[in-house]
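# Structural characterization, general
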Amino acid sequence: MTEPTIYELSSPGRTGVIFPDPDVPRAKLPENLLRKELPLPELAEVDVVRHYVNLSKYNYSVDGGFYPLGSCTMKYNPKINEDTARLPGFAFTHPLQPIETVQGNLVLMYTLQEWLKEISGFAALTLQPAAGAHGELTGVLIMRAYHKDRRDSKRVKMLIPDSAHGTNPASSAMSSMEVVQVPSDARGNVDLAALKAACDDTTVGLMLTNPNTLGLFDEHLEQVIQIVHDCGGLVYGDGANLNALLGILRPGDVGIDVMHYNLHKTFSTPHGGGGPGSGPVGVTEQLADFLPGPLVGIVEEGDDDDPPLYGFITPKKTIGRVKAFHGHFGMLVRAYTYIAMHGPDGLRQIAEYAVLNANYIKARLKGVYTVPFDRICMHEFVAEGQWTDAPGIRALDVAKRLMDYDYHPPTNYFPLIVHEALMIEPTETENKRTLDDFVEALLKIAAEAKTNPDLLHDAPHKTPFGRMDEVKAARELVLCCWLPEDYKQ
Amino acid sequence: MTYIPHSPIERDAMLAAIGVKSLEDLFKDIPAKHRFPKLDLPPALTEMEAAAELGELSTGNENVHSDLVSFLGAGAYNHYIPAAVDHILRRGEFYTAYTPYQPEISQGTLQAIFEYQSLICALTGMEVSNASHYDGATAVAEAANMAYAQFRGKRNKVVISPTVHPQYRETMRTYVQGMGLELAGDDPKANLDAGPEALESLIDENTALVIVQYPDFFGRVYDFTKLIELAHAKGALVCVAANPTALALFKAPAEMGADIVVGEGQPLGIPLSFGGPYLGFFTTRKQYIHKMAGRLVGETLDNRGQRAFVLTLTAREQHIKRERAISNICSNQGLMALAAAVYLSLLGQTGLRQVAELCYHKAHYAAEKISKVKGYSLCFDTPFFHEFSVCCPKPVTEINDHLLEHGVLGGYDLGQDYPSLKDHMLIAVTEMNTKDEIDALVDILAEVNHD
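Rules used in this analysis
- Residues numbered from 1 in each chain as written.
- Chains lettered and ligands numbered in written order.
- Predicted model: local features only at pLDDT ≥ 70, side-chain atom pairs only at ≥ 80, totals over all residues.
- Helix = DSSP H or I, 4+ residues; strand = E, 2+ residues; numbered from the N terminus.
- Buried ≥ 20, exposed ≤ 12 C-beta atoms within 10 Å, placed from the backbone.
- Contact = placed C-beta atoms within 7 Å.
- Rg over C-alpha atoms; globule rule 2.2 N^0.38 Å.
- Domains from an automatic or database assignment.
- Pairing = 2+ DSSP bridges.
- Axes fitted to C-alpha atoms, helices over the stretch in contact; angles between N-to-C directions.
- Nonpolar A, V, L, I, M, F, W, Y, C, P; charged D, E, K, R; others polar.
- Right-handed = clockwise from strand over helix to strand, strands pointing away.
- Parallel < 35°, antiparallel > 145°, perpendicular 65-115°, else oblique.

### Quick word on the overall build of chain B
When helices and strands are counted, chain B shows 13 helices and 15 strands. Projecting the C-alpha coordinates of chain B onto the three principal axes gives extents of approximately 80 × 55 × 50 Å. Classification of the 451 residues of chain B by burial places 61% in the buried group. Sequence separation of at least 24 residues holds for 73% of the intrachain contacts in chain B that already meet a minimum separation of 6.

### Description of the overall build of chain A
For chain A, the count of helices and strands is 13 helices and 12 strands. Rg of the C-alpha trace for chain A: 25 Å, near the compact-globule value of 23 Å for 489 residues, within the 12% margin. In terms of overall dimensions, chain A has a C-alpha envelope of 75 × 65 × 45 Å along the principal axes. Taking all 489 residues of chain A together, the buried fraction comes to 59%. The long-range fraction of contacts in chain A, counting pairs at least 24 apart against all pairs at least 6 apart in sequence, stands at 73%.

### Digging into the environment of Asp458 of chain A
Residues and elements named next belong to chain A. By the element assignment, Asp458 lies in the loop between helix 12 (453-457) and helix 13 (470-476). The exposure class of Asp458 is partly exposed, given the 14 C-beta atoms found within 10 Å. Remark: the alpha-carbon pair of Asp458 and Ala124, spanning 334 residues in sequence, is separated by 52 Å.

### Looking at the domain arrangement of chain A
Each assigned domain of chain A is listed here: domain 1 (1-58 + 465-489) and domain 2 (78-463). The gap between the C-alpha centroids of domain 1 of chain A and domain 2 of chain A is 37 Å.

### Re the sheet that holds strand 15 (residues 424-428) of chain B
What links the strands of a sheet is backbone hydrogen bonding, and the strands pair in either a parallel or an antiparallel sense. Residue and element names in this part refer to chain B. Pairing is antiparallel in the open sheet, where 4 strands are placed in the order 11-12-15-14. With partners counted over all chains shown, the strands left at the sheet margins are strand 11 (377-378) and strand 14 (412-413), one partner each. When strand 14 meets strand 15, the two strands line up antiparallel, connected through 2 bridges. The residue bridging Tyr412 from the neighbouring strand is Leu426, located in strand 15. Its contacts with the sheet put helix 11 (residues 334-371) on strand 11, strand 12 (387-391) and strand 15, and the angle it makes with strand 12 is roughly 5°.

### Focus on the interface of chain B and chain A
In this complex, chain B contributes 174 residues to the contact, which on the side of chain A involves 171 residues. Broken down by element, the residue count for the side of chain B that touches chain A peaks at 23 residues, all from helix 11 of chain B. Here the residues of the side of chain B that touches chain A are counted per class, giving 84 nonpolar, 59 polar and 31 charged.

### Digging into unusual backbone geometry
Residues and elements named next belong to chain A. Residue Pro276 follows Gly275 across a cis peptide bond; omega there is 0°. Tracing the backbone shows Pro276 in the loop between strand 6 (258-261) and strand 7 (281-283). Between Ala459 and the following residue, Pro460, the backbone shows a cis peptide bond with an omega angle of 0°. For Pro460, the position within the fold is in the loop between helix 12 and helix 13. The phi torsion at Thr73 lies on the positive side, around 50°, for a residue other than glycine. Its place among the elements puts Thr73 in the loop between helix 1 (45-56) and helix 2 (79-85).

### Remarks on the domain arrangement of chain B
All names here are of chain B. Once the domains are mapped, chain B shows domain 1 (69-81 + 349-450) and domain 2 (83-343). Computed over C-alpha atoms, the centres of domain 1 and domain 2 are 28 Å apart. Taken together, the contact pairs 27 residues of domain 1 with 27 residues of domain 2. Elements that contribute at least two residues to the side of domain 1 that touches domain 2 include exactly helix 11 and strand 12. Among the elements that line the side of domain 1 that touches domain 2, the one with the most residues is helix 11, at 7 residues.

### Some words on the sheet that holds strand 3 (residues 157-160) of chain B
Residues and elements named next belong to chain B. Pairing in this open sheet of 7 strands is mixed, and the strands run 2-8-7-6-5-3-4 from one edge to the other. This sheet does not close on itself; its edge strands, each paired only once, are strand 2 (128-129) and strand 4 (182-184). Sheet topology note: the strand 5 (residues 207-214)/strand 6 (residues 237-242) ladder contains 6 bridges and is parallel. Bridge pairing in strand 6 links Val210 to Val238. Strands strand 3, strand 4 and strand 6 of the sheet are contacted by helix 7 (residues 166-179), whose axis makes an angle of about 155° with strand 4.

### Topic: the environment of His34 of chain B
Tracing the chain through its elements places His34 of chain B in the loop between helix 1 (8-18) and helix 2 (47-58). When the 18 C-beta atoms within 10 Å are taken as the criterion, His34 of chain B is described as partly exposed. C-alpha separation for the pair His34 of chain B and Lys234 of chain B, spaced 200 residues apart in sequence, amounts to 60 Å. The residues touching His34 of chain B, leaving out its near neighbours within four places in the chain, are Leu249, Arg250, Asp253 and Val254 of chain A.

### Brief notes about the pairing of strand 3 (residues 178-182) of chain A
Residues and elements named next belong to chain A. Pairing analysis gives 5 bridges linking strand 2 (residues 157-161) to strand 3, with the strands arranged parallel. If you follow Met158 over to strand 3, its bridge partner there is Val179. Taken together, strand 2, helix 6 (residues 167-174) and strand 3 form a β-α-β motif whose crossover is right-handed.

### Some details on the packing of helix 1 of chain A against helix 5 (residues 107-124) of chain B
Here helix 1 of chain A crosses helix 5 of chain B at 135°, and the two axes come no closer than 7 Å. By the criterion of interaxial angle, the relationship of helix 1 of chain A to helix 5 of chain B is oblique. Across from Tyr52, Leu55 and Ser56 of chain A in helix 1 of chain A, the residues of helix 5 of chain B making contact are Gly108, Gln111 and Ala112 of chain B. Grouping the amino acids of the contact of helix 1 of chain A with helix 5 of chain B by side-chain chemistry returns 3 nonpolar, 3 polar and no charged.

### Notes on the environment of Ser129 of chain B
Residue and element names in this part refer to chain B. If you trace the backbone, Ser129 turns up in strand 2. In the structure, Ser129 is positioned 208 residues away from Ala337 in sequence and 11 Å away in space, judged by C-alpha atoms. Once residues lying within four places of it in the same chain are set aside, the contact partners of Ser129 are Gln117, Ile120, Cys121, Phe281, Phe282 and Thr283.

Following this line, the structure appears as structure tokens:
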């Protein structure tokens, strides 16, 4: 079943593309600076296309089936988004063109900034961060700059609940902050007593994912925020789970100070096999001056005859830019298209139906799969992939067996606070029949776990590839195709 | 218009199964006074209306495909992208998949990344490549992060050449403010004529990393072998931020002894798209692999004995190591890495060298012609690739306004970043520029000086 690598398909003398001969005289090349070998493969266009089409067939994708991967929001990616992002007027603009020649791009970015602010209740927003984790780093640096600006130099501790994504502590550590873990209580909320005990005048703030990674909305959200604010700290909202809140609650309204959005989760820009994402960051008025620059703003007011002129504005106390140019513009076009098509009512329906779907699966699995923290959940929930009467079966086995039923498995082993976690996020774009079939598969697997455990241990059986030898990969570290022997530095 | 498929009957059946009466009942945990805010957003559009609105917005730009002839580069380059690249990217199997955490059903993405890693290693001459960073700027910042980790915080200084892209240096400053690293050499007022030797005196026993750009921001090509030897003698690592097209022609940074080679992969089949999404490539030597951030794909076997690929050394990453991870990176530029892999496979060694040579010859033709126009001269006499700095007789914005009236997108105004380069323009020429376009540029530049 294996497809040869692009190097194995190479044949000397072939090329997939040729370019015109130079229409100018050839200039002298600086001999002492030239390279001798360029070990790239040689293929015809048809070889390349077939190779990558063959590879694509080995992938599971949202276009191909149900992908209930918790915390990743694998919703359907509308096709129109792919077309709008590729319009030549967008795709062929250079990031450093004079602003007068890119008013279309700037209007789009300005409008998207306004829309995202409105959706989550923030005063100011940057579109620059490239992904969720990049947005977190941006947000953490903003929090740091805010305290520093107030000459409050003692604040070095970032509080992070034990259910948080790994990026939260990693982003804090990148800004040299000390990470303090806050436990969850018996209902899956932040433990208020522990939070109070952790808060003092060295607290930078709290990084809160709400709904949290158990899919639960914190029942004491306002108290949690108040406790952190009372000690002078700021509250960072991890917007990874914003899909559950569209038109339901604006995080800015309840006191979240800074939050990143994942356009690749909530606003349907595709995940691309790992990226690119896009992680805009919204902040309250008091943090607006610290945003990375430049932002898009109106640089000349319009009048009855002329529209305003849009351009770039750098916030007064900016932390500086977090990447080159203006963010993942192509992703911004997709998200704009998506929001424009949904409008306020459509956005609320996204959250409503995402929550409906998650609760429906949860209700149907109840009794067969253990669901810790049994409350109405938001857009996702966590079940346990283990049974006392099926010794030796783990969440991993359930996940792998699901592939035989042609589903992408849920996220497993996260969050870390649930044993043998299976984190299921169906999203709003799946219909009842898909969910019913998925539930049937999970129920069958639960039965198989007891009657035929080897079927799970050895799964998957029907996929083109079986379980991997990960130890071999890490021990041998073959990270590169074969390169010509004589290509040695 | 939404993408929600439920019929009212199905919805009601699902609500009944959950045991609630209405959708509203699912949201009782939300603080009542903030629940269901009215969002002030325009009403929903149908797909047909959205297509029209976005089409209209896109025509509010002048683009380098049909409206303008571009001589603008400065970190983003207008290259020809073969049609097959986007046809592969448009396969839903690739673009609607997630990170390949389940290797049994993600071999397409995994093998493509493995090939991307191989192709980038071939270009740079390095031993290992990760699966990508966000862009060239963040790849440079992550190099500092890696060097800091390599010395376990015992070396706190990073020397960065002022001829590294100004936005990369700014990004680096942003990252460093939280890391407690000292930056040296980041001075746009420095003597820009000096070449890499100028950095030598800044490198000391506290230096973790030296960062240079190849070709540098002004398009100049230097051999960094001597600088790298000196840095190694002081125990420091060296990072070269390279243009991947230039690497088809010029010595691989590995040959000069570089420890880390990073860069902006946009020239490899990725559209300009107003600055993103692009591709940060990141390579190093095998000995430093455990300190390199980002995802990494390795070869292995599955339990049926088939060659296969998996994400490996994941214990370095944030989802496992949390606050002890080298970097917080999670999402990368997977689809853009695929674009680069397809582009490099299509062009191969012949095609990529052809592109690089076309860029070189056309840029040199343009430089020579421009240098002969009264009032204009080349700033530097160092060998260059496809970009060069021109000293102009008038402010660059004035010249660019004039060029724009003739449908020409002029070069980058270097005075915005370098005080000593007031009235200096950075001109980029690629395979996309014809001789006629270059001749027209030269004529208009001459005309500006006469006005």
